Amino acid sequence: MAGLEVEWTRLVETCRRHGFPVRVDPPAPDAPHPGAQWLGAPLDPMLASLHARTGRATLGDFVLYRPGSGVEGALEVNAWMRGQGLAPFASCVLFGQVANLEYYYGVVPALADAHGVQPVLYIDVQEEPHVVPVASSVEMLLHQLAGFMDLLPEQPDFVLGRCSTVMFPFAAAELIARDRPLVDMMRAGRFDGLVTRDEESQRWMQQVLAADPCR
């Protein structure tokens, strides 16, 4: 997973360049192995590769869960959210979130490609639920987050060293539209039944499709 390593390193370096928080723990001893069944589904190979090199991590305000059990472990977080009975938590595997907010990132095992790579959903249950596809893979999510963080210093309310991705992905339609496999899945209706029907989510989906450079 050379591409994943490149994007992870880029995200770490982006955070350091802007003075954003960086904390990367060593791999967890109970991290799942590649090819394992995890939370009732095949483990995404990119998540397996990521967890083989790091445990819990904070990059800017993006938090990567430690993969095992225990406090702030992915198993505990997923069990808790699935227990709330809200869609789409039963259909995805959460692996990270925005620090201190109920903005989650999760892969969708049912939409894995021929190599087992799973697309990523953004799930906002802070107030009204918003669910949209945000990346064709974990690798692409890391790429997009780094790109978005590079734009933050241009904002008029930017505070040096403070990272806030709360406007991601809704302020990043053009950035996300460059993810060709994701756009193809959106056009094919692969996310139907997962994306929420609220006005904001539906409008954003149309913005991404309209920004597709290959349309």
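Just so it is clear, the model here is predicted, and its values are computed rather than measured.

Asks: What is the right way to read the pairing of strand 8 (residues 120-124) from this model?
Replies: Look at any regular strand and the pattern is simple: side chains alternate between the two faces of the sheet. A large share of strand 8 lies buried, amounting to five of its five residues. What you see with strand 8 is no split at all: Val120, Tyr122 and Asp124 on one side and Leu121 and Ile123 on the other are buried throughout. As paired strands, strand 7 (residues 103-107) and strand 8 are joined by five bridges and run antiparallel to one another. Among the inter-strand pairings, Val107 is bridged to a residue of strand 8, identified as Val120. Alignment of strand 8 against strand 9 (residues 130-135), held across five bridges, turns out to be antiparallel. Note on strand 9: the bridge partner recorded for Leu121 is Pro133.

Asks: Would you explain the packing of helix 1 (residues 2-18) against helix 4 (residues 138-151) in this entry?
Replies: If you want to describe how two helices pack, look at the angle between their axes and the distance between the axes. Across the interface, helix 1 lies against helix 4 with an axial gap of 9 Å and an inter-helix angle of 20°. The angle between helix 1 and helix 4 falls in the class roughly parallel. Of the two elements, helix 1 crosses helix 4, and the hand of that crossing is left-handed. Here Gly3, Leu4, Glu7, Trp8, Arg10, Leu11, Thr14, Cys15, Arg17 and His18 of helix 1 lie close against helix 4, whose contacting residues are Val138, Glu139, Leu142, His143, Leu145, Ala146, Gly147, Met149 and Asp150. Within the contact of helix 1 with helix 4, the residues separate by chemical class into nine nonpolar, five polar and five charged.

Asks: Before we go on, may I ask you to explain the packing of helix 6 (residues 180-187) against helix 7 (residues 199-211) in this structure?
Replies: The interhelical angle for the contact between helix 6 and helix 7, taken along N-to-C directions, is 125°, at an axis separation of 10 Å. With respect to helix 7, the element helix 6 is oriented oblique. The chirality of how helix 6 crosses helix 7 is left-handed. Mapping the contact onto sequence places Val183, Met186 and Arg187 in helix 6 and Met205, Val208 and Leu209 in helix 7. Broken down by class, the residue content of the contact of helix 6 with helix 7 amounts to five nonpolar, no polar and one charged.

Asks: Whenever I open this one, the environment of Gln207 confuses me. Can you help?
Replies: For Gln207, the location among the structural elements is in helix 7. Apart from residues lying up to four places away in sequence, Gln207 is in contact with Phe170 and Ala173.

Asks: Just to check I follow, could you spell out the environment of Met46 for this structure?
Replies: By the element assignment, Met46 lies in helix 2 (residues 45-53). For Met46, a relative accessible area of 8% puts it in the buried group. Residues Met46 and Gly70, spaced 24 residues apart in sequence, show a C-alpha to C-alpha distance of 22 Å.

What counts and how
- Residues numbered from 1 in each chain as written.
- Predicted model: local features only at pLDDT ≥ 70, side-chain atom pairs only at ≥ 80, totals over all residues.
- Heavy atoms only, no water.
- Buried < 20%, exposed > 50% of the residue type's maximum accessible area, 1.4 Å probe, protein only.
- Helix = DSSP H or I, 4+ residues; strand = E, 2+ residues; numbered from the N terminus.
- Pairing = 2+ DSSP bridges.
- Axes fitted to C-alpha atoms, helices over the stretch in contact; angles between N-to-C directions.
- Parallel < 35°, antiparallel > 145°, perpendicular 65-115°, else oblique.
- Left-handed = near helix turned anticlockwise from the far one by under 90°.
- Contact = heavy atoms within 4.5 Å.
- Nonpolar A, V, L, I, M, F, W, Y, C, P; charged D, E, K, R; others polar.

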